[in-house]
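Analysis of the macromolecular model
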Amino acid sequence: MTEKLYDKDAYGSEFNATVLSCEEVKKGFKVVLDKTFFFPEEGGQTPDQGTLNGIAVTHVAIKDDVITHYLESPLEAGTNVTGKIDFTHRFRNMQMHSAEHIFSGLVFKHFGFNNVGFHLSDNSATMDYDGKFTYEEALKLEKEANEIIIKGKSITAEYPSAEELAKLTYRSKKELSGPVRIVTVEDTDVCACCAPHVHNTSEIGIFKIVSFENYKSGVRVNYLAGFRALEDYEKRLSDLREISRTISAKAGEELNGVIKLNDDLNACKFKDVELRNRYIDLKIQSELKESGTGICVLPEDFSSCIKYASETLKKHYKDMTVVLCGNDDTGYRFYAESDSINLAEILSDMKKSLEIKGGGKPSAIQGTISAKIAEIVGFF
Ligand SMILES: [Zn+2]
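Criteria and cut-off values
Every chain begins its residue count from 1, and numbering advances along the sequence as written. Totals for whole chains, interfaces and linings use all residues, but because this is a predicted model, local features are given only for residues with pLDDT of at least 70 and pairs of side-chain atoms are given and counted only at 80 or more. Calculated side-chain values reflect all of the structure's heavy atoms, with hydrogen atoms and water omitted. Strand pairing is defined by DSSP finding a minimum of two bridges between the two strands. Numbering of helices and strands runs from the N terminus; a helix is a DSSP stretch of H or I covering at least four residues, while a strand is a stretch of E covering at least two. Simply put, an axis is a line fit to the C-alpha atoms, just over the touching stretch for a helix, and the angle between two N-to-C directions goes from 0 to 180 degrees. Domain start and stop positions are those given by an automatic or database domain assignment. The distinction between a cavity and a pocket rests on a 1 Å grid over the protein atoms alone: a 1.4 Å probe fits inside a cavity but cannot get out, while a pocket stays open yet meets protein on both sides within 12 Å along at least five of seven lines, and a residue with an atom within 4 Å of a point counts as lining. Grid points are joined across faces, edges and corners, and a volume is the space filled by probe spheres set on the points. Under the scheme applied here, ten amino acids are nonpolar (Ala, Val, Leu, Ile, Met, Phe, Trp, Tyr, Cys and Pro), four are charged (Asp, Glu, Lys and Arg), and all others, including Gly, are polar. By definition, a salt bridge exists where a carboxyl oxygen of Asp or Glu is found within 4 Å of a side-chain nitrogen of Lys or Arg. Classification of residues uses two cut-offs on accessible area relative to the type maximum, computed with a 1.4 Å probe and protein chains only: under 20% is buried, over 50% is exposed, and between them is partly exposed. Only N, O and S atoms count as donors, using a 2.8 Å cut-off from the metal and 3.2 Å for Na, K and Ca, and because water is excluded some sites may appear unfinished. Counting of polar contacts relies on pairs of N or O atoms within 3.5 Å, with two restrictions inside protein: one atom must be capable of donating a hydrogen and the other of accepting it, and residues adjacent in sequence are counted only when both atoms are side-chain atoms. Contact between two residues is taken to exist if any of their heavy atoms lie within 4.5 Å; hydrogens are not considered.

1. A short note on the sheet that holds strand β16 (residues 293-298)
In spatial order, the strands read β16-β17-β18-β20-β19; together these five strands make up an open sheet with mixed pairing. One side of each edge strand has no neighbouring strand; the edge strands of this open sheet are β16 and β19 (355-361). Neighbour-to-neighbour, the strand axes of the sheet open up by a mean angle of 15°, direction not taken into account. Where β16 lies against strand β17 (residues 320-327), six bridges are found, and the strand directions are parallel.

Below, the structure is given as structure tokens:
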């Protein structure tokens, strides 16, 4: 069993310990110490980061109360080592984790729902609840959580005796055996938990819901707290400044700017369709000839207009209409229709001498052809 230094002191970051064992594994070495400040991956939270004798700890795991540190280089069993955890990273996890207790405590108090899934990594944090509430209700709890944070309530951790525990009402994610560590947020929440927390809610700074969705039979809340919330705020402001600069909108006017930009874009798209159709009308009109077969060749960026061109041709030619879109270098898309001529036969003839991909039925064929326009129109 490894002595968990973080259990009693969440703020310690440097320690000396004895190497009990060092074993080579697939990718590096796994080291067990007599004691450690490294919080392992546990309860949905990713582990502490840091070094042992200057060697980076790549992962920390716990099994049967033994904590294993994974390193790229070995440490000699029986020697003393100096461990350092990255306290900047640890403190952010403490802020995030402590905020989870407050919010989950409020969800339980107001709705009676349990936190049935918790995930805390460096780039995302989610809390899953076993019942549904609305985003508006979640925002009310967010405000209440922030009021608790500002009031500076104490957060304590202790191991009550079996007798005391039996009398205590507390939240717990799983059936617990052995000594139970109880974490209490003053006037707010009592919960069984093994992780390091801040001593006072004011150290959390801020709690913010980032996204909210229905999940299984309940809801999933994605959130940030403390410095991670501050860093996220700066990232979003930086994005907004970039948007503001890109669309030439004043600060605070970005949303209206984007709405206007979108309206303008839709108007342009509409105008673009109108102009392309007008171009097709004029082209077909100017190329009119006395024939049962009408052929219209469009530039390569007109592929979205093929059906329109085909419909327009049908007004003038009764036997067959053929629309080709492309150029001699990169090839053509084609679409042909006829009520009286078997186009499937034409397609099969074309396949004998041209590089062509396509299919259809006797009354309509389509596909792509790599050939010169003069060769293609010879088949129709
Ligand atoms: Zn906790």
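Alright, that's what it looks like, and here's the rest.
2. A short note on the domain arrangement of the protein chain
Structurally, the protein chain comprises domain 1 (3-85), domain 2 (90-237) and domain 3 (288-377). Each of domain 1 and domain 3 was reduced to a C-alpha centroid, and the two centroids are 71 Å apart.

3. With respect to the layout of surface pockets
Of the volumes computed, that of the largest pocket is approximately 980 Å³. Of all the elements in the fold, those that place two or more residues in the lining of the largest pocket are β1 (3-4), α1 (5-8), β6 (55-63), α2 (87-111), β9 (115-120) and β13 (189-192). In terms of residue count, α1 provides more of the lining of the largest pocket than any other element does, four residues in total. The residue makeup of the lining of the largest pocket, split by class, is 17 nonpolar, nine polar and 14 charged. Viewed by domain, the lining of the largest pocket spans two of them, domain 1 (3-85) and domain 2 (90-237), each represented by three or more residues.

4. Focus: the pattern of salt bridges
Applying the stated criterion across every chain yields a total of 24 salt bridges. When the shortest N-O distance is used, the salt bridge between D65 and K4 registers 3.0 Å. Residue D65 is located in the loop between β6 and β7 (66-71), and its partner K4 is located in strand β1; the two are separated by 61 residues in the primary sequence. What makes D65 partly exposed here is its relative accessible area of 33%. Of the charged contacts in the structure, one is a salt bridge between E337 and K314, with a shortest N-O distance of 3.2 Å. A residue pair is termed long-range when its members are at least 10 positions apart, and E337 in strand β18 (residues 331-338) and K314 in helix α7 (residues 306-314) qualify at 23 residues. By relative accessible area, E337 is classed as buried at 17%. Three or more residues are tied together by salt bridges with common partners; here these are E311, K314 and E337.

5. A closer look at the coordination of the zinc ion
Looking at the metal site, the zinc ion is ligated by H97 (NE2), H101 (NE2), C193 (SG) and H197 (NE2), spaced 1.9 to 2.1 Å from it. Ordering the donors of the zinc ion by residue number gives the pattern H-x3-H-x91-C-x3-H. Placement of the pair is H101 in helix α2 and C193 in the loop between β13 and β14 (207-215), with a sequence separation of 92 residues. Using a relative accessible area of 1% as the deciding quantity, one classes H101 as buried. Judged by its relative accessible area of 14%, C193 falls in the buried class.

6. Details of the side chain of H69
By the secondary structure assignment, H69 is in strand β7. Polar side-chain contacts of H69 include one of 2.9 Å to the side chain of T36. Beyond its immediate chain neighbours, meaning those up to four positions away, H69 contacts F29, K30, V31, L33, T36, F38, L52, V57, H59 and V60.

7. What about empty space enclosed by the protein?
All chains considered together, the criterion is met by one cavity of 30 Å³ or more. Approximately 70 Å³ is the volume found for the largest cavity. Along the walls of the largest cavity sit E100, N114, N115, R171, S172, K173 and C191, which together make up its complete lining. For the lining of the largest cavity, the per-class residue count stands at one nonpolar, three polar and three charged.

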